[in-house]
Amino acid sequence: MAGKPKLYYFDGRGKMESIRWLLAAAGVEFEEEFLETREQYEKLLQGGSLLFQQVPMVEIDGMKMVQTRAILSYIAAKYNLYGKDLKERALIDMYVGGTDDLMGFILIFPFLSAEDKEKQHAVIVQKATSRYFPAYEKVLKDHGQDFLVGNSFSWADIHLLEAILMVEEKKSDVLLGFPQLQVPYTNNTLMAGNVINDISKSVVCR
C-alpha cells in the first residue's frame, strides 16, 4: 500500500497551498517537511530530488514531482477532479490558468513594502472585480450549473474557491455584485471549512 504523499516546502502558504487544498479536497492525508534551514534544502539538492533546483516538491506514487502545475494536474487526474474527457480537461486548465493569474497578484503581497502593499491591495481588488470574477460569473451563468465544468466538483472549483477566500482577506464583501459566484460559494463554504480543517488534520509532520 502506497504511503501518504509528502510535501516539501517552506513554512508558509506560497505555491504549496493549492496543492494542500487539492489533496484535502480529495480526502487525502499527507505529510509535510518544512525547509527551515539551508542544510535541508542542500540535502534535497545533493540527493537529486529537485530537478530544477526549486520547491515545491511532492513525493507521491514513487515519484519526486516538481513544478506546481504538473503536481496539481497529477493529483486532479488521480482523484477524479479533472473532468471526464479531453474537452472538460481543457476547460479546467483554462479556468485554473485564469485563477493562477489572479493568485499571482496576491502571492507577491507579503514581500512588498508597506507603501507598495497599499497599492497592491487596490490592484488585487480591481483585477478580481473587473477581470476575473466577471469571467467566472459569466461562465456559471451560461453553464447553468453550480460548477464551472460539467455537473460535478472539479479542480477548477477548488482553485476558484481558494482564490475567492484569498481576495476576501483583502476585501470581505468582494462578492457583492456577483450572484452567480455567491451561489457556489455559499454551497461550498462548508466544504471550504472542511478543506481548511482537513489541511490541518492531514499534516502529519510539519
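Residues numbered from 1 in each chain as written. Predicted model: local features only at pLDDT ≥ 70, side-chain atom pairs only at ≥ 80, totals over all residues. Heavy atoms only, no water.

Within an unreviewed UniProt entry, the label attached to the protein reads Glutathione S-transferase, and the organism entered is Accipiter nisus. UniProt's Sequence similarities (unreviewed entry) comment on the protein is quoted here verbatim: "Belongs to the GST superfamily. Alpha family." (UniProt positions renumbered as here; feature names shortened; annotations may be inferred.)

J.: Looking at this model, I keep getting lost on the overall build of the protein. Mind explaining?
T.: The helix and strand tally for the protein stands at seven helices and four strands. Starting at the N terminus, the α and β elements of the protein follow one another as β-α-β-α-β-β-α-α-α-α-α. Buried residues in the protein amount to 44% of all 206 residues. In the protein, 62% of the contacts between residues at least 6 apart in sequence involve partners at least 24 apart. Put simply, the protein shows about 11000 Å² of open surface, and 53% of that area lies on carbon and sulfur atoms. (Helix = DSSP H or I, 4+ residues; strand = E, 2+ residues; numbered from the N terminus. Buried < 20%, exposed > 50% of the residue type's maximum accessible area, 1.4 Å probe, protein only. Contact = heavy atoms within 4.5 Å. Areas by Shrake-Rupley, 256 points an atom, 1.4 Å probe, with all protein chains shown as cover.)

J.: Help me out: how do you make sense of the pattern of salt bridges in this one?
T.: Charged atoms that come close allow side chains of opposite charge to pair. Throughout the structure, instances matching the rule amount to 13 salt bridges. Note that R13 and E169 form a salt bridge whose closest N and O atoms lie 2.9 Å from each other. With R13 in the loop between β1 (6-9) and α1 (17-25) and E169 in the loop between α6 (155-168) and α7 (179-202), this residue pair connects regions lying 156 residues apart in the sequence. With a relative accessible area of 45%, R13 lands in the partly exposed category. Taking the shortest distance from any N to any O, the salt bridge between E88 and K84 comes out at 2.5 Å. The class for K84 is exposed, based on a relative accessible area of 69%. What you see here is one network of salt bridges that share partners, running through E17, R20 and E32. (Salt bridge = Lys/Arg side-chain N within 4 Å of Asp/Glu carboxyl O.)

J.: What is the right way to look at the packing of helix α4 (residues 86-107) against helix α5 (residues 114-143) in this model?
T.: When two helices pack together, you describe them by how their axes are tilted relative to each other and by the distance separating the axes. Running from N to C, α4 and α5 cross one another at 165°; their axes reach a closest spacing of 9 Å. Between α4 and α5, the angle is such that the two are roughly antiparallel. When the axes of α4 and α5 are compared, the crossing they make is left-handed. Counting all contacts with α4, which are made through Y95, G98, T99, D101, L102, F105 and I106, the residues of α5 involved are Q120, V123, I124, K127, A128, Y132, F133, Y136 and V139. A class-by-class count of the residues in the contact of α4 with α5 yields 11 nonpolar, three polar and two charged. (Axes fitted to C-alpha atoms, helices over the stretch in contact; angles between N-to-C directions. Parallel < 35°, antiparallel > 145°, perpendicular 65-115°, else oblique. Left-handed = near helix turned anticlockwise from the far one by under 90°. Nonpolar A, V, L, I, M, F, W, Y, C, P; charged D, E, K, R; others polar.)

J.: I tried to follow the environment of S130 on my own but got confused; where do I start?
T.: Relative to the elements of secondary structure, S130 occurs in helix α5. Judged by relative accessible area, S130 falls into the partly exposed class, the value being 46%. Within the local environment of S130, its side chain forms a polar contact with the backbone oxygen of Q126, the two atoms lying 2.6 Å apart. (Polar contact = N/O pair within 3.5 Å; in protein donor to acceptor, adjacent residues only side chain to side chain.)

J.: I keep staring at the sheet that holds strand β2 (residues 31-34) and nothing clicks. Help me out?
T.: Pairing between sheet strands relies on hydrogen bonds along the backbone, with the strands arranged either parallel or antiparallel. As summarised here, the arrangement of the four strands in space is β2-β1-β3-β4, forming an open sheet in which the pairing is mixed. Either end of the sheet is taken by a strand with one partner, and the two such strands are β2 and β4 (63-66). Neighbour-to-neighbour, the strand axes of the sheet open up by a mean angle of 20°, direction not taken into account. With respect to the sheet, α1 is in contact with β1, β2 and β3 (57-60), its orientation differing from that of β1 by roughly 165°. Strands β3 and β4 of the sheet are contacted by helix α3 (residues 68-78), whose axis makes an angle of about 125° with β4. (Pairing = 2+ DSSP bridges.)

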